[in-house]
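Tertiary structure, described
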Amino acid sequence: MARIDELRAGLDQVHARIAAAARNAGRDPAAVHLVVVTKFFPESDVRLLADLGVTDVGENRHQEAAAKALACADLGLRWHFIGSLQSNKAAAVAAYADVVASVDRAKLLGGLSRGALERGRDLDVLVQVSLDEAGATHRGGVAPDQALDLADKVAASPGLQLRGVMAVAPLGADPAAAFARLAVTAAQVRQHHPAADQVSAGMSHDLEEAISAGATHVRIGSAILGNRPTIK
Ligand SMILES: *Cc1c(COP(=O)(O)O)cnc(C)c1O
């Protein structure tokens, strides 16, 4: 099968899963946005995805993301940075990302803010919330009881727009329970910051649970692009 046909089939399946999950939850499928995670896949795939109507792509490693965003600058895509971020790279990420969905500590804000101001446009930010058991933060994120404090600091940072929260379900745990906890934190943040109404949750294997718990954005890689060559 030609690559574009593989990608089209993957996209069709994922759109159908999103629509079914939204209907089951009594939600409007149009309220769930798809971010296609292109990490480990080449620029050529990003171009085919854009041809197929994809508007939002996600990357989790700075060097790979920077190179791809530059090479694909003509496509007008929105670039979501979804990976763990070093504070000394934050300004550089803000130079090409439209969204940084993985802000998990205040130490990142100075660099992100500076990068956004240098670029001359606001950067959308999601606070990444840990859904791991107390004390463990294997999959990144601020502890839920610290999320509002971090959100306040994002909202107070020049050039940064607080848009909501993001999370990755813990390995080996019930994703529905984890996403239900995320929904509580999301509501707390939204109560203080009404414009921060985005909830980015759900990946290839748990998008249904995420949508049922209120996700507004799902981040899907392998269900569209196939298995990644290596997982880091
Ligand atoms: C890789 C990645 C995804 C996509 O994962 P799939 O299981 O391939 O859909 C989503 N979110 C984050 C933070 C990721 O790193």
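In what follows, the accompanying structure is described. This structure is a prediction, so every number in the text was calculated from the model and none was measured.

What follows deals with the side chain of His193. Its location among the elements puts His193 in the loop between α7 (175–192) and β7 (198–200). Beyond its immediate stretch of four places on either side in the chain, His193 contacts Leu148, Ala151, Asp152, Ala155 and Leu162.

A word on the nonpolar core. One broad rule of soluble globular proteins: the nonpolar side chains tend to lie buried together. Of all hydrophobic cores here, the largest spans 63 residues; its most connected members are Leu34, Val100, Val103, Leu112, Leu123, Val127 and Ile224. Among the elements that line this core, the one with the most residues is helix α1 (residues 3–24), at six residues. Ignoring sequence-local partners within four residues, the contact set of Val100 consists of Phe81, Leu85, Val93, Leu112, Leu123, Asp124, Val125 and Leu126. Residues Val37, Ala101, Leu126 and Met166 belong to the second largest nonpolar core, which totals six residues.

Attention now goes to the pattern of salt bridges. What the rule picks out here adds up to 16 salt bridges. For the salt bridge of Asp5 with Arg8, the shortest nitrogen-to-oxygen distance reads 2.7 Å. Within this pair, Asp5 and its partner Arg8 are both found in helix α1, separated by three residues, close to a single helical turn. Residue Arg121 pairs with Asp98 through a salt bridge whose shortest N-O separation is 2.5 Å. Taken together, the residues Arg121 in the loop between α5 (109–119) and β5 (123–128) and Asp98 in the loop between α4 (90–94) and β4 (99–103) connect sequence positions 23 residues apart. Given a relative accessible area of 8%, Asp98 falls into the buried group. Through salt bridges with shared partners, a single ionic network connects Asp56, Arg78, Asp124 and Arg163.

We now examine the pairing of strand β8 (residues 217–220). Neither face of β8 is open: one carries His217 and Arg219, the other Val218 and Ile220, and all of them are buried. Two strands pair when backbone bridges link them, and strand β1 (residues 33–37) and β8 are joined in this way by four bridges, in the parallel orientation. Paired with Val36 across the bridge in β8 is Ile220.

For α7, with 18 residues, the first-to-last C-alpha span of 26 Å sits near the 26 Å given by 1.5 Å per residue. Buried residues of α7: Pro175, Ala178, Phe179, Leu182, Thr185, Ala186 and Val189, and no others. On an axial view of α7, the arc spanned by its buried residues comes to 115°, and they lie on one face. In this structure, the buried residues of α7 make contact with α6 (144–155), β6 (160–166), β7 and α8 (207–212). The residue sitting at the N-terminus of α7 and contributing the capping side-chain oxygen is Asp174; that oxygen lies 3.0 Å from the backbone nitrogen of Ala176.

Our next topic: the site of the ligand. Residues in contact with the ligand, as listed here, are Val37, Lys39, Asn60, Ile82, Val168, Met203, Ser204, Arg219, Ile220, Gly221, Ser222 and Arg228. Lys39 places a polar side-chain atom, nitrogen or oxygen, 2.7 Å from an oxygen atom of the ligand. Here an oxygen atom of the ligand sits 2.7 Å away from a polar atom, N or O, in the side chain of Arg228. Coverage of the ligand by the protein amounts to 91% of the 390 Å² it exposes when considered alone. The cavity that encloses the ligand is the largest pocket. Residues that form the shell around the ligand fall into these classes: five nonpolar, four polar and three charged.

Rules and cut-offs
Residues numbered from 1 in each chain as written. Predicted model: local features only at pLDDT ≥ 70, side-chain atom pairs only at ≥ 80, totals over all residues. Heavy atoms only, no water. Helix = DSSP H or I, 4+ residues; strand = E, 2+ residues; numbered from the N terminus. Contact = heavy atoms within 4.5 Å. Core = buried A, V, L, I, M, F, W, Y, C linked by side-chain atoms within 4.5 Å. Buried < 20%, exposed > 50% of the residue type's maximum accessible area, 1.4 Å probe, protein only. Salt bridge = Lys/Arg side-chain N within 4 Å of Asp/Glu carboxyl O. Pairing = 2+ DSSP bridges. Expected span 1.5 Å × (residues − 1). Arc of directions from axis to C-beta. Polar contact = N/O pair within 3.5 Å; in protein donor to acceptor, adjacent residues only side chain to side chain. Near = heavy atom within 4 Å. Areas by Shrake-Rupley, 256 points an atom, 1.4 Å probe, with all protein chains shown as cover. 1 Å grid on protein atoms, 1.4 Å probe; cavity = no way out; pocket = protein on both sides within 12 Å on 5 of 7 lines; lining within 4 Å. Sits in = over half its atoms within 2 Å of the grid points. Nonpolar A, V, L, I, M, F, W, Y, C, P; charged D, E, K, R; others polar.

Function cannot be read off these values alone, since they describe shape.
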